[in-house]
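# Structure assessment
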Amino acid sequence: MVDEKVLERVSRLAELELPKEREQVLQDFQRMVEFAGMLEELDLGGVEPLYQVNEGEAGNAFREDMVTQEMEQEETLGNAPQRRGAFFEVPRTF
């Protein structure tokens, strides 16, 4: 059961500022919890666990090309406008 105390704790943990319509939020949250509880009623006895969405396929299914040639480190760094030792040097970002 979701009550005001649970809603307050969840909002604090999630660092959410709840709107003034707390009663509506409380009702919506209760409906979400009830919906998630319905999953417990499912009979999953013969269902194998799914460890990966692409069932056995590793890698990027959308990529058609394959890497066939690798560049040496010096050749790669030769393309850099600036470098520091064995690294690319780039402007600092914040």
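Below, the structure is looked at part by part. (Residues numbered from 1 in each chain as written. Predicted model: local features only at pLDDT ≥ 70, side-chain atom pairs only at ≥ 80, totals over all residues. Heavy atoms only, no water.)

## With respect to the overall build of the protein chain
Assigned secondary structure in the protein chain consists of three helices and two strands. For the protein chain, the C-alpha radius of gyration of 26 Å lies well beyond 12 Å, the compact-globule estimate for 94 residues. Summarising its shape, the C-alpha atoms of the protein chain cover approximately 65 × 45 × 20 Å along the three principal directions. Taken across its 94 residues, the protein chain has 7% of its residues classed as buried. Within the protein chain, counting contacts between residues at least 6 apart in sequence, those at least 24 apart form 15% of the total. In the structure as shown, the protein chain presents an accessible area of about 9600 Å², 54% of it carried by carbon and sulfur atoms. (Helix = DSSP H or I, 4+ residues; strand = E, 2+ residues; numbered from the N terminus. Rg over C-alpha atoms; globule rule 2.2 N^0.38 Å. Buried < 20%, exposed > 50% of the residue type's maximum accessible area, 1.4 Å probe, protein only. Contact = heavy atoms within 4.5 Å. Areas by Shrake-Rupley, 256 points an atom, 1.4 Å probe, with all protein chains shown as cover.)

## A few points about the environment of Glu4
Relative to the helices and strands, Glu4 resides in helix α1 (residues 4-13). Using a relative accessible area of 37% as the deciding quantity, one classes Glu4 as partly exposed. For the pair Glu4 and Leu26, spaced 22 residues apart in sequence, the C-alpha separation works out to 7.2 Å.

## With respect to unusual backbone geometry
With a phi angle near 55 degrees, Glu15 is a residue other than glycine that sits in the positive phi range. Mapped onto the elements, Glu15 comes out in the loop between α1 and α2 (22-38). For Glu15, a relative accessible area of 73% gives the class exposed.

## So, the side chain of Gln30
Structurally, Gln30 is set in helix α2. Setting aside residues no more than four positions away along its own chain, Gln30 makes contact with Met1 and Val2.

Nothing here speaks to function; it is geometry throughout.
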